[in-house]
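# Inside the fold
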Amino acid sequence: MLTTAEALQAVLAAIEPFGSEVVSASQATGRVLHQIVRAERDQPPFDRVMMDGIAFAWSDYETGQRVFPVQGMQTAGDAPLTLENGHCIEIMTGAVLPENSNCIVPVERITIADGNAQIESDYAVKKDRFIHPRGSDYATGAHLLTVGKRISSLDIAIVASCGETEVAVASDPIIRVISTGNELVAAGDPIEPHQIRMSNGPAVVSLLAQHGYRRSEHDHVVDDVETLKKRLAKHLEEAEVLILSGGVSMGKADYVPAVLAELGVEVVFHKISQRPGKPMWFGKGPQGQIVFALPGNPVSALVCCRQYVISALAKASGVVASPPEFAALSTNISFKPDLTCFQPVKLLSNAAGQTLAVPVKTNTSGDFAALSSTDGYVELPRDQSEFLSGSPVFLHRWIAH
Ligand code: AMP
Ligand code: MG
């Protein structure tokens, strides 16, 4: 049986990089950038006024002048006026600094009467104060976003400020999420007492969407060899990535591995020395399709989806990997089995600035309701069984960076 590290390695090695596509900037959030985004102009693009007030020349102020005839007004968006000797111009925040001016006094420190602005007698004027100089944030052509960055809403501000309406991103693979199980009934359909609401499929589709993968469709297939064969063959024909749930354990209705093998999907591994999620199956189809078969138990399915599926998709999208993240356990944990434990946790911080991982108990690996309060899970290594409060452990957030 593979270790968690070996399984992750095998998954990352099996998946080929996705290509690139150009999308509208309004659709780019969550996608992985495949181009450099460069500054269109200096930022700010002109010497920018940072206060409402007046602008005048230091050379006039130096001679002792404290009352300035108001020559005009300049607000944000106006083309710059040229200041005349001995005058001032009323300026508003965001305006271009008028030509020939280099001093600003805020409106609170002046009085204006009869077309003249008078500076408060005890106000100490400083040359160049309240001026945000042109190019002081960055210069034209600066690399503001680089290849491999997952685009956040903050990045969208940069894309827009660079004048880009479109960006090149990793192409969005066609994904099929397939829930297997006779007992499963979709929300909205009538349900009998002996049946189970299908939750894995919608949750997996949602986790994918939160990571920017939006071309996934969900299907439900019953535990019947012929039906499975027919439907999986179709999905293999139409999609690049298949994510199944259920049917990979040792039960008599667990047909998934055998059916996938019959369809020419070569097994890369079956089972990982971990809990939850030990029965996970992974293989590669005849046309290079990537097939993840997650255990049906909801906690197992979600942990395996985040740990292996999202990591593989991120690698194929060209995401620049972030450094590993750690958290300190908030309590002692004992985990005896010779397996890696993926323990769901809620994150808190303490007064020392540490991130604390608070274990959230799931009754069984079917207790997905308990996951709602969690931020991710910690990885407790296989070769250890006692984990002390305060010890650092690897943290995996549900939503990867
Ligand atoms: P299996 O791996 O098919 O043996 O399923 C293990 C457990 O997970 C069973 O109790 C199933 O009812 C449950 N299960 C399987 N698939 C789903 C699903 N899509 N949504 C919710 N529960 C599921
Ligand atoms: Mg099943």
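Higher on the page you've got the structure.
Scope of this entry: the structure provided in the associated data block.

Reading the values: the criteria
Residues numbered from 1 in each chain as written. Chains lettered and ligands numbered in written order. Predicted model: local features only at pLDDT ≥ 70, side-chain atom pairs only at ≥ 80, totals over all residues. Heavy atoms only, no water. Helix = DSSP H or I, 4+ residues; strand = E, 2+ residues; numbered from the N terminus. Rg over C-alpha atoms; globule rule 2.2 N^0.38 Å. Buried < 20%, exposed > 50% of the residue type's maximum accessible area, 1.4 Å probe, protein only. Areas by Shrake-Rupley, 256 points an atom, 1.4 Å probe, with all protein chains shown as cover. Core = buried A, V, L, I, M, F, W, Y, C linked by side-chain atoms within 4.5 Å. Bend = angle between axes of the 7 residues up to and from the residue. Axes fitted to C-alpha atoms, helices over the stretch in contact; angles between N-to-C directions. Parallel < 35°, antiparallel > 145°, perpendicular 65-115°, else oblique. Left-handed = near helix turned anticlockwise from the far one by under 90°. Contact = heavy atoms within 4.5 Å. Nonpolar A, V, L, I, M, F, W, Y, C, P; charged D, E, K, R; others polar. Pairing = 2+ DSSP bridges. Near = heavy atom within 4 Å. Salt bridge = Lys/Arg side-chain N within 4 Å of Asp/Glu carboxyl O. Arc of directions from axis to C-beta.

### So, the overall build of the protein
Looking only at helices and strands, one finds seven helices and 28 strands in the protein. Computed over C-alpha atoms, the radius of gyration of the protein comes to 30 Å, more than 25% over the 21 Å expected from 2.2 N^0.38 for 401 residues, which places it beyond the range of a compact globule. A total of 401 residues make up the protein; the buried ones form 44% of that total. Element-wise, carbon and sulfur atoms account for 52% of the exposed surface of the protein, whose accessible area totals about 19,300 Å².

### Focus: the nonpolar core
Membership of the largest hydrophobic core comes to 37 residues, with the highest contact counts inside it found for Leu-208, Ile-243, Phe-292, Leu-294, Tyr-308 and Leu-313. Residue contributions to this core peak at twelve residues, all from helix H7 (residues 298-317).

### Comments concerning H7
Along H7, the sharpest kink reaches roughly 35°, centred on Cys-305. Here H7 lies mainly inside the structure; 18 of its 20 residues are buried. Of the residues trailing H7, Gly-318 is marked for its positive phi of about 85°.

### Looking at the packing of helix H4 (residues 200-210) against H7
The N-to-C vectors of H4 and H7 enclose an angle of 30°; their axes lie 10 Å apart at closest approach. The angle between H4 and H7 falls in the class roughly parallel. Every pair of crossing elements has a handedness; the one defined by H4 and H7 is right-handed. Contacts from Asn-200, Ala-203, Val-204, Leu-207 and Leu-208 of H4 reach H7 at Pro-298, Ala-301, Leu-302, Cys-305, Arg-306, Val-309, Ile-310 and Leu-313. Residue classes in the contact of H4 with H7 are distributed as eleven nonpolar, one polar and one charged.

### Points about the pairing of strand E22 (residues 325-329)
Of the strand pairs in this sheet, E22 and strand E28 (residues 392-397) are connected by four bridges, and their pairing is antiparallel. The residue bridging Ala-327 from the neighbouring strand is Val-393, located in E28.

### A short note on the site of ligand 1
Around ligand 1, a shell composed of 13 residues is seen, among which Glu-183, Ser-199, Asn-200, Gly-247 and Gly-296 lie nearest. If ligand 1 stood free it would expose 480 Å²; the protein chains cover 78% of that surface.

### Things to note about the sheet that holds strand E16 (residues 216-221)
With respect to topology, six strands assemble into an open sheet ordered E16-E13-E17-E21-E20-E18, the strand pairing being mixed. With partners counted over all chains shown, the strands left at the sheet margins are E16 and strand E18 (266-270), one partner each. Averaged over all pairs of adjacent strands, the angle between their axes in this sheet comes to 20°, without regard to strand direction. In this structure, strand E13 (residues 175-180) lies alongside E16, joined through six bridges in parallel fashion. Looking at the pairing, Arg-176 lines up with Glu-217 of E16. Across the sheet, H4 lies against E13, E16, strand E17 (241-245) and strand E21 (290-294), angled at about 160° from E13, the strand it touches most. This element, helix H5 (residues 225-238), spans E13, E16, E17 and E21 of the sheet and lies at about 170° to E16.

### Some thoughts on the pattern of salt bridges
Scanning the entire structure with this criterion turns up 14 salt bridges. Residue Arg-176 is joined to Glu-238 by a salt bridge in which the shortest nitrogen-to-oxygen separation is 2.7 Å. Separated by 62 residues along the polypeptide, Arg-176 in strand E13 and Glu-238 in helix H5 bring together distant segments of the chain. Here Arg-397 and Glu-325 are joined by a salt bridge, their closest N and O atoms 2.5 Å apart. Here Arg-397, found in strand E28, pairs with Glu-325, found in strand E22; they are 72 residues apart in sequence, far enough to count as distant. Via salt bridges that share partners, Arg-176, Glu-217, Lys-234 and Glu-238 belong to a single interconnected network.

### Some thoughts on the pairing of strand E6 (residues 88-91)
Examined bridge by bridge, strand E4 (residues 53-56) and E6 share three bridges and lie antiparallel to one another. Among the inter-strand pairings, Gly-53 is bridged to a residue of E6, identified as Ile-91. Two strands pair when backbone bridges link them, and strand E5 (residues 67-74) and E6 are joined in this way by four bridges, in the parallel orientation. Within the sheet, the bridge partner assigned to Gly-72 lies in E6 and is Ile-89.

### Here we look at the sheet that holds E4
Taking strand neighbours across the sheet as the criterion, the six strands line up as E7-E4-E6-E5-E9-E8 in an open arrangement whose pairing is mixed. Looking at the sheet topology across the chains shown, the edges are occupied by strand E7 (103-106) and strand E8 (110-113). Neighbour-to-neighbour, the strand axes of the sheet open up by a mean angle of 35°, direction not taken into account. Strand direction decides the pairing type here: E4 and E7, joined by four bridges, are antiparallel. From the neighbouring strand, Ile-54 faces E7, where its bridge partner is Val-105.

### Some thoughts on H4
Along H4, the residues that are buried comprise Asn-200, Gly-201, Val-204, Leu-207 and Leu-208. Along H4, the residues classed as buried sweep out an arc of 130° about the axis, all on the same side. Elements in contact with the buried residues of H4: E13, E16, E17, E21 and H7. Immediately downstream of H4, the backbone of Gly-212 shows phi near 95°, a positive value.

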